[in-house]
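Observations on the three-dimensional arrangement
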Amino acid sequence: MSTPAQEHRLPTDVTPSHYDLHIFTDLENSTFGGIAQIDLRVHKNTPKIVLNTLDLQLKEIAIHSTGLNEVLKASGRELDRATQRGIFTFPKVLPADSHARLVISFEGELLSNLSGYYRSTGGKDGEIAYSLTQFQPTSARKAFPCWDEPALKATFSITMISLAGGVNLSNMPAKSEHAYTPGLFGEDSWVGKKLASVPNPSKWKITRFETTPPISTYLVAYANGPFEFLESTYKSPLSGTVRPLRIYATKDNIFQGQYALDIMQKVMPLYEEIFDLEYPLPKLDILVVSAFGLIVGRTQCFLHDPNSNDLHNNQYVASMVSHEVGHMWFGDITTMEWWDNLYLNEGALFPEWQLDAFFLGANFYQARSLDARLSSHPIEVECPDANKIIQIFDSLSYSKAASVLRMLANYVGEDKFLKGVSLYLKKHKYKNTVTRDLWEGIQTATNRDVQSMMDNWVKKMGYPVITVTEKEGGIHLRQDRFLETGPAEPKDNETIWTIPLNLLTVGVDSSSQIDSEILLTEREQFVPLDIGNAFKLNAGVTGFYVVQYSAERLVKLGRQAASPDSPFSLQDRIGLVRDAFALSIAGYSSVSSALGLVDALRGAHEWLVWDAIANSLSSITWTCPRRRLFAPIAKRLGFEQAPSESSEQQQLRTKAIEQAANAGDPWVIEEFKSRFAHFVQTGDDSKIPSSLTSIAYRVGVQEGGAAEWEFVKRLAASHKTPAQGLAAMIAMGYSRDLARAAATFRYVLEEAREQDVLYYLRGLQRNVVTRRFLAETVFEHFDEVEKRYAGTFAFNSWLDVAFGGLSSEEDYQRISAFFQDKDTATYELALRQTLDTIRSRAQWIQRSTEELTHWLKEHSA
């Protein structure tokens, strides 16, 4: 009897071994076509072929069977849109243990929906058209008929036919490229007929690419457009082979690609050394507008202005390049067998770990926030069909996976952990894997029972809070599931995790040590230690859990963390702040205890500590504490960067000015108004430091009128750099005038590029004046939004942006009622997560407003 998941998988009577694809791209008419010749293995007698196809017009369908030694045309075809399948019946049974070649010609539209093979625009004025692919997780079927499941790997030979003025790119290097001449293809061939039907066929060219190794369909990539490139190479530390590296972009942006190319050149040999496994393809390209051999990404992700001093953008681009290059090993060399093992691609990427404290803010706490909800899901989650698959590309599949693997690496030792990963990659090269395969590799390298330790972290949702009770001779520990709505009910509190405690203790001689071996394996456990000296669980914040101390101990920890000779690391200071606020917001402890900890850390110099404070205070949405904390730092550091200034101080300045502006500090607001006014009047933006561009634009629009809004609207459409364009898009939503808010929303629906719409909406959501307006407007236009975006990554974000900023029980009830009669199959998870956020925030406001008001009055002086 088949399981629900198996029912949604393709039958394996017939499986592909090789695809020979010819793709015809007509950018002028926004259409494409092609012919797929697919070599098949027939495992069982069958008269039917079942594969995936969606939104394609299928033309001729035929099969050449070696077992029958004849060509059969399909006698029947059924296209099932619900299951996204094509079912083709042939007049004879294909015999088992034979081979066949299926030939299907097809046509489709190049839409701008960011899915399948789609059309986009770029360039300085947004008038350059190009086409590219986005197949992950289940959209290759929109570009060519295929077996669109990760386990059904095959080799691919790709030929692209396009107008001669553009550049064709794919996973592999081009082995030939030449202009079309009559007779190049047979007159009766699909390509011959296609080119015979177009005006001036001599203006078209044929690009043939080398054959790929076995890959999944979602890794296939190709693109066509007027791209230019920068080139470099790297030398393999394992073999000495020199491979070309390129970054492609449109002419106006290519000069900003050097930084990403330099990062790629550095991380390629690093990954080879880490995994002891050479990159197997002849080249690697980045197209800036991920796949094996060709990484495709947004301009904001990969371009950096060489004249900019924006360190945040530096870090972001470096992180994105490292992340995507890492996929060449995790996901491409090895691939999860089915999408419930998505984290085997998304979690095990290491370069960010060198900036371990930065990883906490960028990944760790984002995942912890999402996993603290009842609507969470396990890292390894059952994904029976495409509707569920599209929903699991979230912080749990990405960032929680990375966080628990980081925890495991710390426990077993990073060197042994990486050795285990190397064993895993080598054993399963070009194969499909499940969780136990990774655990077996690490277990072999470490001689530890990894699977028993990790099963609940991967297969169960949520994470624990460890409550520390001090007793004579030691501490009593208890683990329970942590929820943002408060202590879990028994039915939601059944999991017992195996928790590395990473216990830091300080001796009488002030020396500190960390016990990384000790585990909490039961609900409750006693740990002997001298509570008269400093101690802290989860040293380095390596474990994916919260620690609750008594109020008295938290005060001591705060003082010890703030002292010049503190035994605690930067990560520990960040962790103390984030845990204190998570516990207070969820009702486990008082808000005043968290704010007291912040007061103790006011002398901190690390910008990441202040980033943790800023993020935590933003959760309670009060301006007074933020202004009181950040405005003095902003005034002390000023707007101008000194030549000898450290990167630490640069980032602290940016954070302090940002937070002071968000809190409405008059001095910061006036500075921004003056600098932005100069920009509007003269077109000279030299008075706005590049690291403050986004904040300056937001304040300029927020404090300005129609002229300022129109100015950033023009910048959003035509900008010098992607970072400037992104800042302008977000700033459009910051006007306090609801008429301009309505104009921004109309612009989103009618003029903005599909890949940019969420940036405009984020501005409307973050603007407290327009937050509710946005929700009401999305209610009004929901049918249009759903029609355009349902079933895409973007639609889940639409729900969060539209409703995630609301904060009352009435909001919760109204949204629940609105969706009650709708088919939410493709976004059910995102909807539940958004509703959980609203309810949690409503409970926090009801529970803590009086206490917070009292604390502010006491500390107003």
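Residues numbered from 1 in each chain as written. Predicted model: local features only at pLDDT ≥ 70, side-chain atom pairs only at ≥ 80, totals over all residues. Heavy atoms only, no water.

Let's talk about the overall build of the protein chain
Here is the rule we go by: The way it works is that DSSP assigns letters per residue, a run of H or I at least four long becomes a helix, a run of E at least two long becomes a strand, and they are numbered from the N terminus. For this measure, only C-alpha atoms enter the radius of gyration; the expected value for a globule follows 2.2 Å times N^0.38, where N is the number of residues. Exposure categories follow from relative accessible area, calculated using a 1.4 Å probe and restricted to protein chains: below 20% of the type maximum is buried, above 50% is exposed, and the middle band is partly exposed. Areas reported as accessible are Shrake-Rupley estimates using a 1.4 Å probe. Residue values count occlusion only from the protein chains shown. Neither His nor the chain ends contribute to the count of charged residues, in which Lys and Arg are positive and Asp and Glu negative. The atom standing in for a charge is NZ when the residue is Lys, CZ when it is Arg, CG when it is Asp and CD when it is Glu.
Helices and strands together make up the secondary structure of the protein chain, namely 29 helices and 30 strands. A compact globule built from 861 residues should have a C-alpha radius of gyration of about 29 Å, and the protein chain, at 28 Å, falls within 12% of that. Over its C-alpha atoms, taken along the principal directions, the protein chain stretches across nearly 85 × 65 × 60 Å. Out of the 861 residues in the protein chain, the part that is buried amounts to 58%. Of the roughly 34100 Å² that the protein chain leaves accessible, carbon and sulfur atoms contribute 48%. Counting 87 positive and 104 negative side-chain charges, the protein chain places the averaged centre of each group 1 Å from the other.

Quick notes on the packing of aromatic side chains
Here is the rule: Pairing of aromatic rings covers Phe, Tyr and Trp, the last counted by its six-membered ring, and requires centre-to-centre distances within 6.5 Å; plane angles under 30 degrees mean stacked, over 60 mean edge-to-face, and any other angle means tilted. Any Lys NZ or Arg CZ found within 6 Å of a ring centre and within 35 degrees of that ring's normal is scored as a charge over the ring.
In the structure shown here, the tally under the stated rule is 36 aromatic pairs. Each ring, one from Phe-135 and one from Phe-144, has its centre 6.0 Å from the other, and the planes form 70°; the classification is edge-to-face. Since its relative accessible area comes to 0%, Phe-144 is described here as buried. For the pair Phe-745 and Trp-798, a centre-to-centre distance of 6.3 Å together with 85° between the ring planes defines the contact as edge-to-face. Of this pair, Phe-745 sits in helix H23 (residues 738-750) while Trp-798 sits in helix H27 (residues 793-803), and the two are 53 residues apart along the sequence. In this pair, the class of Phe-745 matches that of Trp-798, namely buried. Sitting over the ring of Phe-229, Arg-246 keeps its end group 3.8 Å from the ring centre. Between the NZ or CZ atom of Arg-839 and the centre of the ring of Tyr-812, over which it lies, the distance is 3.7 Å.

Here's the deal with the sheet that holds strand S28 (residues 524-528)
Heads up, the condition is: Here the rule is simple: two strands pair whenever DSSP picks up at least two bridges between them. Orientation is described by axes fitted as lines to C-alpha atoms, over the contacting stretch for helices, and by angles from 0 to 180 degrees between their N-to-C directions.
What the four strands build is an open sheet, ordered S28-S23-S22-S30; its pairing is mixed. Of all strands in the sheet, those with a lone pairing partner are S28 and strand S30 (546-548), marking the two edges. Taking each pair of neighbouring strands and ignoring which way they run, the sheet shows an average axis angle of 25°. Direction of pairing for strand S23 (residues 474-481) relative to S28: antiparallel, over a ladder of five bridges. What sits directly across from His-476, in S28, is Phe-526.

What about the confidence of the model for the protein chain?
The following threshold applies: Each residue carries a pLDDT value, the predictor's own confidence for that position, ranging from 0 to 100. Contacts are assigned to residue pairs that have any heavy atoms within 4.5 Å of one another.
Taken over all residues, the pLDDT of the protein chain has a mean of 87, while the share at 70 or more is 90%. Predicted confidence is poor over residues 1-5, with pLDDT under 50, and the contacts of this stretch with residues over four places away or in other chains come to six contacts. Considering only residues more than four positions removed or in separate chains, one finds that residues 336-354, a stretch of pLDDT under 50, has 96 contacts.

With respect to the packing of helix H11 (residues 435-446) against helix H12 (residues 450-459)
What counts here: Each crossing is labelled by how the near helix is turned from the far one, with a counterclockwise turn of less than a right angle marking it left-handed and a clockwise turn marking it right-handed. Under this grouping Gly is polar, as are all residues other than the nonpolar Ala, Val, Leu, Ile, Met, Phe, Trp, Tyr, Cys and Pro and the charged Asp, Glu, Lys and Arg.
Relative orientation of the contacting elements H11 and H12 amounts to 145°, with a least axis distance of 10 Å. Crossing angle aside, the handedness with which H11 passes H12 is right-handed. From H11, Arg-436, Trp-439, Ile-442, Gln-443 and Thr-446 reach across to H12, where they touch Val-450, Gln-451, Met-454, Asp-455 and Val-458. Considering only residue class, the contact of H11 with H12 consists of five nonpolar, three polar and two charged.

Quick word on the environment of Ala-551
Position of Ala-551 among the secondary structure elements: in helix H13 (residues 551-562). Along the primary structure Ala-551 and Ser-592 are separated by 41 residues, whereas in three dimensions their C-alpha atoms are 9.9 Å apart.

What to know about the sheet that holds strand S13 (residues 174-179)
Adjacent strands of a sheet pair through backbone hydrogen bonds, lying either parallel or antiparallel. Spatial strand order, S5-S4-S8-S2-S1-S11-S14-S13: eight strands in an open sheet with mixed pairing. One side of each edge strand has no neighbouring strand; the edge strands of this open sheet are strand S5 (70-73) and S13. Across the sheet, the mean angle from the axis of one strand to that of its neighbour is 15°, orientation sign disregarded. Note that strand S1 (residues 14-26) and strand S11 (residues 155-163) share seven bridges and pair parallel. The residue bridging Ile-23 from the neighbouring strand is Met-160, located in S11.

Observations concerning a nonpolar patch on the surface
Where we set the bar: The patch calculation keeps residues exceeding 30% relative accessible area without a salt bridge and links them within 9 Å when they carry like charges or within 5 Å when they are nonpolar (Val, Leu, Ile, Met, Phe, Trp, Tyr). For this analysis, a salt bridge means a side-chain nitrogen from Lys or Arg found within 4 Å of a carboxyl oxygen belonging to Asp or Glu.
Taken together, the side chains of Leu-738, Val-768 and Val-769 make up a nonpolar region of the molecular surface, amounting to roughly 270 Å² of accessible area. For Val-768, the position within the fold is in the loop between helix H24 (757-766) and helix H25 (771-780). Looking at Val-768, the relative accessible area reads 65%, which means it is exposed.

With respect to helix H20 (residues 693-703)
When you tally the buried positions in H20, you get nine out of 11 residues, the bulk of the element. Regarding H20, the residues found buried are Thr-693, Ile-695, Ala-696, Tyr-697, Arg-698, Val-699, Gly-700, Val-701 and Gln-702. If you follow the buried residues of H20, they end up packed against helix H18 (647-662), helix H19 (666-682), helix H21 (706-717) and helix H22 (722-731).

Points about the packing of H20 against H22
The cut-off we apply is this: For classification purposes, angles smaller than 35 degrees are called roughly parallel, those larger than 145 roughly antiparallel, those between 65 and 115 roughly perpendicular, and all remaining angles oblique.
Two numbers describe how H20 lies on H22: the axes approach to 9 Å, and their chain directions differ by 30°. Considered as vectors, H20 and H22 are oriented roughly parallel to each other. The handedness of the crossing between H20 and H22 comes out as right-handed. Only Gln-724, Ala-727, Ala-728, Ile-730 and Ala-731 of H22 make contact with H20, whose side of the interface consists of Thr-693, Ser-694, Tyr-697, Arg-698 and Val-701.

Focus on the nonpolar core
Convention followed: Among buried residues, those of type Ala, Val, Leu, Ile, Met, Phe, Trp, Tyr and Cys that are joined through side-chain atoms within 4.5 Å constitute a nonpolar core.
Of all hydrophobic cores here, the largest spans 189 residues; its most connected members are Trp-329, Trp-457, Leu-537, Phe-672, Tyr-697, Trp-798 and Phe-803. Phe-32, Leu-40, Leu-51 and Leu-110 belong to the second-largest nonpolar core, a separate cluster that totals 46 residues.

A few points about helix H3 (residues 258-275)
To keep things clear, this is the line we draw: How far a helix is expected to stretch is found by multiplying one less than its residue total by 1.5 Å.
With 18 residues, H3 should reach 26 Å at 1.5 Å per residue; the first-to-last C-alpha distance of 26 Å fits that figure. Along H3, the residues classified as buried are Ala-260, Leu-261, Ile-263, Met-264, Val-267, Met-268, Pro-269, Tyr-271, Glu-272, Ile-274 and Phe-275. Positive phi shows up at Asp-276, right after H3, with a value of about 50°.

Concerning the pairing of strand S2 (residues 31-42)
Most of S2 sits out of view: nine of its 12 residues are buried. Between S1 and S2, which pair antiparallel in sequence order, lie four residues; one of them, Ser-30, sits at a positive phi of approximately 55°. With 12 bridges joining them, S2 and strand S8 (residues 98-109) adopt antiparallel strand pairing. Directly across from Phe-32, in S8, lies its bridge partner Gly-108.

Brief notes about the pattern of salt bridges
Within the structure shown, the criterion is met by 43 salt bridges. Taking the shortest distance from any N to any O, the salt bridge between Glu-107 and Lys-59 comes out at 4.0 Å. Remark: Lys-59 occurs in strand S4 (residues 57-65) and Glu-107 occurs in strand S8; sequence separation between them is 48 residues. Using a relative accessible area of 27% as the deciding quantity, one classes Glu-107 as partly exposed. According to the relative accessible area criterion, Lys-59 is partly exposed, its value standing at 36%. A salt bridge links Glu-484 to Arg-373, with the shortest nitrogen-to-oxygen separation between them at 3.8 Å. In this pair, Glu-484 is assigned in the loop between S23 and strand S24 (499-500) and Arg-373 in the loop between helix H7 (356-371) and helix H8 (386-389), connecting sequence segments 111 residues apart. Taken as a pair, Glu-484 and Arg-373 share a single burial class, namely buried. What you see here is one network of salt bridges that share partners, running through Arg-478, Asp-480, Arg-523 and Glu-524.

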